[in-house]
Amino acid sequence: MTMEEKKAIAKKVYKDLGFEAEEFETEKIGENADIFYLNYNQREIGGIIIGDDGSYHICGTIHPIKYYIEEFQKGIRDKNE
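Residues numbered from 1 in each chain as written. Predicted model: local features only at pLDDT ≥ 70, side-chain atom pairs only at ≥ 80, totals over all residues. Heavy atoms only, no water.

### Remarks on the pattern of salt bridges
As enumerated under the stated definition, the model contains 7 salt bridges in all. For D34, the salt bridge identified is with K6, shortest N-O distance 2.5 Å. Of this pair, D34 sits in strand β2 (residues 33–38) while K6 is found in helix α1 (residues 3–16), placing the two residues 28 residues apart along the sequence. For the pair D34 and K6, a shared accessibility class is recorded, and that class is buried. K66 is the salt-bridge partner of E70, the closest N and O atoms lying 4.0 Å from each other. Taken together, the residues span about one helical turn, with E70 and K66 both in helix α2 (residues 65–73) at a distance of 4 residues. For E70, a relative accessible area of 34% gives the class partly exposed. You can call K66 exposed: its relative accessible area is 56%. Connected via shared salt-bridge partners are K6, K28, D34 and D52. (Salt bridge = Lys/Arg side-chain N within 4 Å of Asp/Glu carboxyl O. Helix = DSSP H or I, 4+ residues; strand = E, 2+ residues; numbered from the N terminus. Buried < 20%, exposed > 50% of the residue type's maximum accessible area, 1.4 Å probe, protein only.)

Right, here's the structure in full:
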């Protein structure tokens, strides 16, 4: 999956959550995933981890981001696009 395809998923998920986003900060998570953060600080969401297979996991702000990364690595997903 290309980075552009992942950005399209991130835009859709953020829009479904009520956020309009065109630009993201990204960080590589292991070899098979990237995390997409909004460019501005939003308290309601910590980011979206998107795997190379199109699956994603929404990160809240209740736990540190490392918690959500570990969940993703254990196979926990919110959805598969």
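### Some words on the pairing of strand β1 (residues 24–29)
As paired strands, β1 and β2 are joined by 6 bridges and run antiparallel to one another. Among the inter-strand pairings, I29 is bridged to a residue of β2, identified as A33. Two successive antiparallel strands, β1 and β2, enclose a turn made up of 3 residues, where G30 displays a positive phi of approximately 65 degrees. (Pairing = 2+ DSSP bridges.)

### Re α2
All buried positions along α2 are accounted for by Y68, I69, E71 and F72. Here the buried residues of α2 occupy an arc of 160 degrees about the axis, which is enough to place them on one side. Opposite its buried face, α2 presents the exposed residues K66 and Q73, each directed more than 90 degrees away. Residues of α2 that are buried sit in contact with β1, β2, β3 (47–51) and β4 (55–59). Of the residues flanking the end of α2, it is G75, one or two places downstream, whose phi is positive at about 100 degrees. (Arc of directions from axis to C-beta. Contact = heavy atoms within 4.5 Å.)

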